[in-house]
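This is what each chain is made of:
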Amino acid sequence: MSETDAIPEFKRKDAAGSDVGISGGMSALAAGPGIRSLSEVLAIIAVAVVIIGGTELLLNIFAVPHFVLPKPSQIAVALVTDFPLIAPHLGHTLVELFAGFGIGAVVGLILAAVITQFPFAEKIITPYILLLVTTPMLALVPLLILRFGFGYEPRIIAVALASGPMVMINAATGFRRVDSGKIALARSYGASTLQIFWKVRAPMALPMIFVGLMVGSIFGLLTAVGAEMVGGGFGLGNRLTSYSSMIQMPQFFAVVLILSILGILIYVLFFLLGKKFASWEA
Amino acid sequence: MSAAAPSAQPKLRVKNATKAYNTRSGELVAIDRCSLDVKAGEIVSIVGPSGCGKTTLLWSMSGLHKLSSGEVLLDGKPVNGPNPEIGMVFQDANLLPWRNLDANINFPFEIKGTKPDRAWIDDLLGRVGLSGFGGRFPRELSGGMQQRAALVRALSFKPSVLLMDEPFGALDAFTREEMNQLVEEIWMAAPTTIVLITHSIEEAIFLSDRIVVMSPRPGRVAAVHDVPFARPRSLEIMSTREVFDLTNVIKREIVGEQKSRYVRSSDAPVAQSAV
Ligand SMILES: Nc1ncnc2c1ncn2[C@@H]1O[C@H](COP(=O)(O)OP(=O)(O)OP(=O)(O)O)[C@@H](O)[C@H]1O
Ligand SMILES: [Mg+2]
């Protein structure tokens, strides 16, 4: 068959025309089908224009004071003019997020990989991990501040505690998906336990690992901002409490906007990574 | 069946193989004292009702299963684990979905740490009509193509024994016939010892030198039939009286197993000694 006939990797579409690529696990997080055509993009922009413009108009008509709800235009102005003041705080939040999430993800991944190899240990440990997942780590922040002060440490620890278990629980689900046929295949060539792990279990777990990283990092962001609101003089969370106490609502919403963009960027990052490395799972 | 002693050493010998699984509801005997000799270069099919232990028997031959008792000998040496001389084709194609065709065929070599014989593999790919598909992922291949890829992967490291577990069970009748002819062609070019599990009596007759019929669980060797046709076999033989009769005998053995456990060998002319 000719070269042109070959279907390019990752680009195949199903009958409905939507992307086959992204994994079942990933698609749980991908809201609806992917955006395809220019007209869809235009429609989305149109909706945004209508909502933003409508809000602007309504707030003008009813003369809502800016300390109740600022107009979109005021928020945009605040975002531009005050960005130099907000930027260092964004940097602090990112440091906390990267450090905390990095630690949490690495520990979570290692734990998931090790623990799924030992069903008995897994049974014992899982309830505690579940407890970590369900307990809002923010609750621990006052305690952590008492112990570690108002610097980075309590926040990084809280972020790690919030994201680690998320990564772990999803990755463990991935590692647990034993396809005995594939493992038997590897064994039939004389594969060692380590080879089976790296060449069968790990690739098979990859889609779920990306789900874990995505959820974990978003949880990490939430926790970082929450911890910043509890105490300490820096970070985007601290800006939120400070701006709202000073009734600087345009600035307040500018920070909210930055946080949404940050969240979307994280989502898109892991979505694309998942698409690139885990798209085989149609 | 259990009496005959072959003159030369069999390539593969199964001696009183018994395998019991530990299940929640206690021990489950899947195969019970199965004995079978396969000569070098022979093609033997195993047929039997679903769940009678065919896969269990094949996995035991490959060393993937530990037998509860009995033994499997390859060239007279016991098989106690995966053996580089043995190639497996599993019940489904069992390609790794995250690897493209080339990477899938490379998989055994990565595990074994050996170098693939590119010329041999390219030749195989050509024979099965998969040249130029190396960059495709399993989901981009049809069921038949996946199965052919699995066959190439199993033959890629030149095993002297090929064990196949219903390799073409999921394919339509036409594709299956094509695959059968392909197996015969590959076998004619480089005869390996083949043990083939199948649900299709036609496939068994078309491909094998002998057909082993297993009883319902616990699986035992219920009957062995010789298939006396010369190779290459044309699809025409499939409509002869002989094949018709043999098919019926085997069918009755499989369906009627519950009543009579041990059925006589068929009235088809015997060309080779039964096990
Ligand atoms: N890992 C296992 N643990 C417990 N029981 C098993 C296991 N594998 C197979 N069995 C049981 O052993 C019996 C034989 O199974 P086996 O897969 O060998 O049958 P089979 O002849 O290959 O069936 P089929 O034709 O449907 O593929 C069945 O009753 C099955 O339920
Ligand atoms: Mg089976």
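Here the structure is a predicted model, which is why all the values come from computation and not from measurement.

## Thoughts on a negative patch on the surface
All names here are of chain B.
For step 1, the next point in the chain: Taken together, the side chains of Asp172, Glu177, Glu178 and Glu202 make up a negatively charged region of the molecular surface.
For step 2, the next point in the chain: Inspection of the secondary structure assignment puts glutamate 177 in helix 5 (residues 173–189).
For step 3, the next point in the chain: Note on glutamate 177: relative accessible area 32%, which makes it partly exposed.

## Description of the interface of chain B and chain A
For step 1, the next point in the chain: With 23 residues of chain B in contact, the opposing surface of chain A contributes 27 residues.
For step 2, the next point in the chain: At the boundary of chain B with chain A, the tally comes to 1 salt bridge.
For step 3, the next point in the chain: Glutamate 110 of chain B serves as the salt-bridge partner of lysine 199 of chain A, at 2.9 Å between the closest nitrogen and oxygen.
For step 4, the next point in the chain: Viewed at the interface, chain A and chain B are joined by 5 residue pairs in polar contact (both at pLDDT 80 or more).
For step 5, the next point in the chain: Tallied by class, the residues present in the side of chain B that touches chain A amount to 14 nonpolar, 2 polar and 7 charged.

## Description of the side chain of arginine 155 of chain A
All names here are of chain A.
For step 1, the next point in the chain: Inspection of the secondary structure assignment puts arginine 155 in helix 6 (residues 152–176).
For step 2, the next point in the chain: Side-chain polar atoms of arginine 155 contact the backbone oxygen of phenylalanine 234, separated by 2.9 Å.
For step 3, the next point in the chain: Setting aside residues up to four positions removed in sequence, arginine 155 forms contacts with Glu96, Ala227, Glu228, Gly231, Gly232, Gly233, Phe234 and Gly235.

## Points about the nonpolar core
For step 1, the next point in the chain: In this structure, Leu12, Ile46, Met61, Leu163 and Ile205 of chain B are the most contacted members of the largest nonpolar core, which totals 93 residues.
For step 2, the next point in the chain: Both domains that furnish three or more residues to this core are identified here as domain 1 (1–85 + 161–182 + 192–275) and domain 2 (92–158) of chain B.
For step 3, the next point in the chain: Those residues in contact with isoleucine 205 of chain B that sit more than four places away from it in its chain are Ile211, Val227, Phe229, Arg233, Met238, Val243, Leu246 and Thr247 of chain B.
For step 4, the next point in the chain: The next biggest cluster of nonpolar side chains, apart from the first, holds 38 residues, and it includes Leu90, Ala205, Met249 and Ala278 of chain A.

## Some thoughts on the sheet that holds strand 6 (residues 86–89) of chain B
Residue and element names in this part refer to chain B.
For step 1, the next point in the chain: As summarised here, the arrangement of the 6 strands in space is 6-7-8-3-9-10, forming an open sheet in which the pairing is mixed. Looking at strand neighbours, the two that pair on one side only are strand 6 and strand 10 (221–226), the edges of this open sheet. Going from strand to strand, the sheet's axes swing by 15 degrees on average, the running direction of each strand aside.
For step 2, the next point in the chain: The pairing of strand 7 (residues 161–165) with strand 8 (residues 193–197) spans 5 bridges and is parallel. Bridged to leucine 162 within strand 8 is isoleucine 194.
For step 3, the next point in the chain: The strands touched by helix 4 (residues 143–155) within the sheet are strand 6 and strand 7, with strand 6 carrying the most contacts at an inclination of about 170 degrees.
For step 4, the next point in the chain: Packed on one face of the sheet, helix 7 (residues 241–255) meets strand 3 (43–47), strand 9 (210–214) and strand 10 and runs near 175 degrees to strand 10.

So, how was this worked out
Residues numbered from 1 in each chain as written. Chains lettered and ligands numbered in written order. Predicted model: local features only at pLDDT ≥ 70, side-chain atom pairs only at ≥ 80, totals over all residues. Heavy atoms only, no water. Patch = residues over 30% accessible without salt bridge, like charges linked within 9 Å, V, L, I, M, F, W, Y side chains within 5 Å. Areas by Shrake-Rupley, 256 points an atom, 1.4 Å probe, with all protein chains shown as cover. Salt bridge = Lys/Arg side-chain N within 4 Å of Asp/Glu carboxyl O. Lys, Arg positive; Asp, Glu negative; His and termini not counted. Charge placed at Lys NZ, Arg CZ, Asp CG, Glu CD. Helix = DSSP H or I, 4+ residues; strand = E, 2+ residues; numbered from the N terminus. Buried < 20%, exposed > 50% of the residue type's maximum accessible area, 1.4 Å probe, protein only. Contact = heavy atoms within 4.5 Å. Polar contact = N/O pair within 3.5 Å; in protein donor to acceptor, adjacent residues only side chain to side chain. Nonpolar A, V, L, I, M, F, W, Y, C, P; charged D, E, K, R; others polar. Core = buried A, V, L, I, M, F, W, Y, C linked by side-chain atoms within 4.5 Å. Domains from an automatic or database assignment. Pairing = 2+ DSSP bridges. Axes fitted to C-alpha atoms, helices over the stretch in contact; angles between N-to-C directions.

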